[in-house]
Each structure stands twice: as structure tokens, then as C-alpha cells.
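Geometric and topological summary
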Amino acid sequence: MKQHDPDPAPPPPGGILWDTAGDVRSLLALPAAFVLQVAHPAVGAGVDDHSVFRTDPWGRGRRSLTSVLMWVYGGEEAVEEGRRLRRLHRTIQGTDPHGRRYHALTPAYYAWVHATGYPVARYARRYFARPFTPDEDERFYAEWLMVGRILGIHDRDMPQTTAEFWPYYRTVLAEEIGQNAVVDELIARDRAIPAPPGRGVLRVLWPLLRPVLTRVLRFLSIGLLPPEAREALHLRWTAGQERRLRLLGAVVRSVVPRLPERCRFLPFAQRARAAARLP
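Now for a description of the structure that goes with this document. (Residues numbered from 1 in each chain as written. Predicted model: local features only at pLDDT ≥ 70, side-chain atom pairs only at ≥ 80, totals over all residues. Heavy atoms only, no water.)

Here we take up the overall build of the protein. In terms of regular secondary structure, the protein is built from 16 helices and two strands. Counting only C-alpha atoms, the protein reaches 65 × 50 × 40 Å along its principal axes. Residues classed as buried in the protein amount to 46% of the 279 residues present. Considering only intrachain contacts with a sequence separation of at least 6, the fraction spanning at least 24 residues in the protein is 72%. Carbon and sulfur atoms make up 57% of the accessible area of the protein, which totals about 15100 Å². (Helix = DSSP H or I, 4+ residues; strand = E, 2+ residues; numbered from the N terminus. Buried < 20%, exposed > 50% of the residue type's maximum accessible area, 1.4 Å probe, protein only. Contact = heavy atoms within 4.5 Å. Areas by Shrake-Rupley, 256 points an atom, 1.4 Å probe, with all protein chains shown as cover.)

In this section: the packing of helix 2 (residues 26–38) against helix 12 (residues 206–223). Relative orientation of the contacting elements helix 2 and helix 12 amounts to 65°, with a least axis distance of 7 Å. The orientation of helix 2 relative to helix 12 falls into the category roughly perpendicular. Along this stretch, helix 2 crosses helix 12, giving a crossing that reads as right-handed. Across from Leu28, Pro31, Ala32 and Val35 in helix 2, the residues of helix 12 making contact are Leu217, Leu220 and Ser221. For the contact of helix 2 with helix 12, the per-class residue count stands at six nonpolar, one polar and no charged. (Axes fitted to C-alpha atoms, helices over the stretch in contact; angles between N-to-C directions. Parallel < 35°, antiparallel > 145°, perpendicular 65-115°, else oblique. Left-handed = near helix turned anticlockwise from the far one by under 90°. Nonpolar A, V, L, I, M, F, W, Y, C, P; charged D, E, K, R; others polar.)

Turning to the packing of aromatic side chains, a few remarks are in order. One pass over the full model with this rule turns up 19 aromatic pairs. Their ring planes at 65° and their centres at 4.9 Å tell us that tryptophan 18 and tyrosine 73 sit as a pair that is edge-to-face. With a gap of 55 residues between them, tryptophan 18 in helix 1 (residues 16–20) and tyrosine 73 in helix 4 (residues 57–73) connect regions that are remote in the sequence. On the basis of relative accessibility, which here comes to 6%, the residue tyrosine 73 falls in the buried class. Plain terms: the ring middles of tryptophan 166 and tyrosine 169 are 5.4 Å apart, the flat faces sit at 80° to each other, and that makes the pair edge-to-face. Here the residue tryptophan 166 and the residue tyrosine 169 both occupy positions in helix 9 (residues 162–175), the gap between them amounting to three residues, near one helical turn. (Phe/Tyr/Trp six-rings, centres within 6.5 Å; stacked < 30°, edge-to-face > 60°.)

The N-to-C vectors of helix 6 (residues 107–115) and helix 9 enclose an angle of 110°; their axes lie 12 Å apart at closest approach. On the basis of the axis angle, helix 6 is roughly perpendicular to helix 9. As helix 6 packs across helix 9, the resulting crossing turns out to be left-handed. For the pair helix 6 and helix 9, the contacting residues are Ala111, Trp112 and Ala115 in the first and Phe165, Tyr168, Tyr169, Val172 and Leu173 in the second. When its residues are assigned to classes, the contact of helix 6 with helix 9 shows eight nonpolar, no polar and no charged.

Inspection of the secondary structure assignment puts glycine 178 in the loop between helix 9 and helix 10 (181–186). With 54 residues separating them in the primary sequence, glycine 178 and alanine 232 have C-alpha atoms 6.5 Å apart. Discounting chain neighbours no more than four positions away, the residues touching glycine 178 are Ala39, Val183 and Leu233.

On the surface, Val201, Leu202, Val204, Leu205, Leu208 and Leu209 cluster together into a nonpolar patch covering about 560 Å² of accessible area. Only helix 11 (201–204) and helix 12 provide two or more residues apiece to the nonpolar patch. A total of three residues in the nonpolar patch trace back to one element, the largest contributor, which is helix 11. Mapped onto the elements, leucine 208 comes out in helix 12. (Patch = residues over 30% accessible without salt bridge, like charges linked within 9 Å, V, L, I, M, F, W, Y side chains within 5 Å. Salt bridge = Lys/Arg side-chain N within 4 Å of Asp/Glu carboxyl O.)

Attention now moves to the pattern of salt bridges. A complete count under the given rule lists 17 salt bridges for this structure. A salt bridge links arginine 273 to aspartate 19; the shortest N-O distance between them is 2.9 Å. One end of the pair, arginine 273, is in helix 16 (residues 267–275); the other, aspartate 19, is in helix 1, and 254 residues separate them in sequence. With a relative accessible area of 2%, arginine 273 lands in the buried category. Linking aspartate 155 and arginine 149 is a salt bridge whose minimum nitrogen-to-oxygen distance equals 2.8 Å.

One can find arginine 253 in helix 14 (residues 239–255). For arginine 253, a relative accessible area of 38% translates into the label partly exposed. Spatially, the C-alpha atoms of arginine 253 and arginine 130 are 8.2 Å apart, while their sequence positions differ by 123 residues. Once you skip the residues sitting within four places of it in the chain, arginine 253 turns out to touch Arg126, Tyr127, Phe128 and Ala129. Polar contacts involving the side chain of arginine 253 include one to the main-chain carbonyl oxygen of tyrosine 127, which spans 2.6 Å. (Polar contact = N/O pair within 3.5 Å; in protein donor to acceptor, adjacent residues only side chain to side chain.)

On to the environment of leucine 173, then. In this structure, leucine 173 sits in helix 9. Setting aside anything within four residues of it in sequence, one finds leucine 173 in contact with Leu36, Trp112, Glu228, Ala229 and Ala232.

Structural data, given as C-alpha cells:
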């Protein structure tokens, strides 16, 4: 009788992802990672056709963040979360702007969505944290591959080392990536973001806060894209914008490491770290 393969192991407590994925600074890189994901025509078409990012950005963002944290800190539940996501994506299919059929679980497309997290997170550290040493970079990527296995990405569909990753990444940028309706919408100066749910102060002040949030999201979405990705998307980034990003980074690097853990880590990560008795 053939035995089933064991479930993939999540990243280990005490690993690099346990120290970085739930850090509040990771939130700053999410807009750029999303832009790079949807810049692939098949992924952008899937989001355009099936996502609720326009009508329910707050709910979508909360669910996506919870899912990401579950992959890293969820233990046995991480594997079930991966299965849930694959079930969710089985019905997502259609035709991209080039007239090509797409399916969300096509290995090349599904892997690209996951792969984008590595170069964006790595680039964001240049501003908000100490850059990885070469050894840490390899360990970070190896743990990111572990997360990919939880999501159902086969090793044959993802570069297995950082040395293999960069030629793959440059090829996708050169041959697939480009602006599309979703990219344009995410970085629009007048992006229409619905008010948050509820009746609190945030909702009351939303007419004043929305333009500020739109500018911040655009700034982070473009500024934290690695330069080669910005070039592939023909996005302008000025010296003045770079100076402002470096200033923001200096403030974040100075303040966040001094915060107590309950303020430095997102609640899900904080609970997992406490249960694992991590410092």
C-alpha cells in the first residue's frame, strides 16, 4: 500500500521568518509586494475578475494578513490554511488582457505570487532594518520555500536557491511583467478607497484621511519595489522621493527595535512567540 507524503513542515520557531514576518515593519512592504504580484498579466486578470480588493479592501487585507501569519506561525494549522487557499483558488480562471487563458493554480502563476515576497521583503530591509548577511539571506529564502510547500507549490516550480532565483526573477520581469488596470489602480493618485467598516472616529474622519492614505500607499507601493521591478513597470521614482523614503527608514529603524514586543509584533505573531517562549 502506497503511503502518502507527509505534510510539509512550517518554518521553525526561532527561525528568520518567526523574527520578521510578524514584525510591524513587514506591513510597510505589503503594498509593493501586491503590486509586483498583480503586474503579472494572469495574476492581475485574476484579481481584476475575482477579487474584492475594490469593494472590501479592509476585509481582504485583514484576511490576507491573517493567512500569511498562519503560514509562518500556525504550526499544524498552517498546512490546513494552505489547503484552504488551494480550494479557494480552484474556481479562479478566465482570460488575461492578452487573450490567454489563465487559472489561479497554474504552477507558474501560483509560484510567482509567492515568489514576489522574497525580493520585496529583502529590498525593504535596506530601509527599515539591518540587511541580511549572506547566510541569513540563504536561510530566509530556504524558509520562504518551506512556506511555498505549505501553499502547495512543488519544488520543481520554484528556484531552490537564491543563485537560481535571480535569473528566474529577471526573466519574469523581462518577459511577463507590465502595467495593467489593477497596477494602475493600486498606484493611482486618486485611488477610491472605501471607508472602513463600523461607526468609529476613523470612519467619521475618512474624508480627510483617505487622501493621506492614498498618497502613503502609492509612495510605499512604488518606493519599496526593487529598482529593476520599477524599471520593468516604467514607474518614475525621483531623488527627492528616495530621500524621503530613507528618512522614513531612519525613523523606523530607530524607533521600532526599542518598542516592547507587544507593540513590535502583530498580535498573532506575539501569541505564537510567547507560546514558543521566544525572546
